[in-house]
Amino acid sequence: IDDCRFLLRTELLTTRLHNALKSVRVIVIEAQAGQGKTILASQFLNYNQLDHLWYQIGPEDTDPFFILASIVYNLREKYPEFVGIELETVLSKGKVGPLDIQRCANMLLREIDMRLPNELFIVFDDVHLLSDHGLAKSLLDHLLDTSPPKLRFILTSRFPLQFKSKVLRNSNTVCRLATEDIAFNISEIEEYLVDVLKCDIDLETTQAIHRTTGGWAMGVVLAGDACEQNRPHSGINPVSASPSRQE
């Protein structure tokens with residue numbers, strides 16, 4: 001992700017997420033479309049220079065064994081230590097079913113515990129796409145609840161997660177950020193418009209953008225685009241973007 005056109009969310013990175021880095025196993029970002037979940041997760045990883053794997057959930061990920069195979073592949077690409085692990089052989093034979101999900105997940109977690117040289121974050125982006133797929137959700141539940149301490153997670157979702165994971169129900173092991181937590185405040189809107197987009201904008205307009213968008217990141221970006229092009233009344237009014245808009 002190219003962060004150069006996005007505001008670095010310094011306040012979040014140095015407060016809520018800084019505390020999360022020191023104390024929790026899972027960071028959950030649950031917010032509406034266009035609120036900047038993916039960008040925030042990326043900034044957190046880059047700001048703290050954290051080793052990570054990024055898993056973008058897609059339609060094919062309804063199959064838990066596809067998820068496991070993809071994680072193995074990415075581990076092998078990142079770490080030479082993960083060449084020739086037992087789980088690869090099991091998955092390549094294709095003779096696995098729903099009753100094998102936890103067994104295969106445990107094989108992966110044992111290998112991670114033995115071979116992983118340092119702490120690793122796995123990001124599962126757009127987890128809401130798994131909401132109707134029980135087997136894939138059960139795999140994630142198991143990974144979250146039984147992973148070794150050196151393996152940590154970031155989950156992003158448009159909707160509140162409906163998982164059975166004990167870790168997700170324990171406030172001491174999870175940090176949750178919702179739409180209102182990651183909405184832009186007035187200072188951040190001003191910083192984005194002035195420092196990132198180099199727009200000449202007054203406080204009154206900044207306040208109007210905040211009032212109209214409610215800090216909805218995509219609304220702020222659209223308003224910024226209009227201001228940057230110096231055409232606030234052609235196509236997109238800088239204070240007309242609604243925070244209720246969905247992709």
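Values in this document were obtained by computation on a predicted structure and should not be read as measured data. (Residues numbered from 1 in each chain as written. Predicted model: local features only at pLDDT ≥ 70, side-chain atom pairs only at ≥ 80, totals over all residues. Heavy atoms only, no water.)

1. Some words on the nonpolar core
Next, step 1: By size, the foremost hydrophobic cluster in this structure holds 43 residues, and its most contacted members are Val26, Ile71, Leu75, Phe124, Leu155 and Leu168.
Next, step 2: Elements supplying a minimum of two residues to this core: β1 (26-30), β2 (52-56), α4 (64-78), α5 (86-93), α6 (101-115), β3 (120-125), α7 (134-146) and β4 (151-157).
Next, step 3: Among the elements that make up this core, the one with the highest residue count is α6 (seven residues).
Next, step 4: Sequence-distant contacts of Leu168, defined by excluding residues within four places in its chain, comprise Val26, Val28, Leu144, Leu155, Leu161, Phe163, Val174 and Arg176. (Core = buried A, V, L, I, M, F, W, Y, C linked by side-chain atoms within 4.5 Å. Buried < 20%, exposed > 50% of the residue type's maximum accessible area, 1.4 Å probe, protein only. Helix = DSSP H or I, 4+ residues; strand = E, 2+ residues; numbered from the N terminus. Contact = heavy atoms within 4.5 Å.)

2. Focus: the pattern of salt bridges
Next, step 1: Evaluation of the coordinates by the stated rule reveals seven salt bridges.
Next, step 2: In this structure, Arg76 engages Glu88 in a salt bridge whose closest nitrogen and oxygen atoms are separated by 2.2 Å. Taken as a pair, Arg76 in helix α4 and Glu88 in helix α5 lie far apart in primary sequence, 12 residues in all.
Next, step 3: Look at Glu88 and you get partly exposed, because its relative accessible area is 23%.
Next, step 4: In this structure, the salt-bridge partner of Arg103 is Asp100, at a minimum N-O distance of 3.3 Å.
Next, step 5: When its relative accessible area of 40% is taken as the criterion, Arg103 is described as partly exposed. (Salt bridge = Lys/Arg side-chain N within 4 Å of Asp/Glu carboxyl O.)

3. Concerning the confidence of the model for the protein
Next, step 1: For the protein, per-residue confidence averages 90 on the pLDDT scale, and residues scoring 70 or more make up 91% of the total.
Next, step 2: For residues 231-237, every residue scores under 50 in pLDDT, and the model assigns this stretch seven contacts once sequence neighbours within four places are set aside.
Next, step 3: Low pLDDT, under 50, characterises residues 240-247; the predicted model gives this stretch 22 contacts beyond four residues in sequence or across chains. (pLDDT = per-residue confidence, 0-100.)

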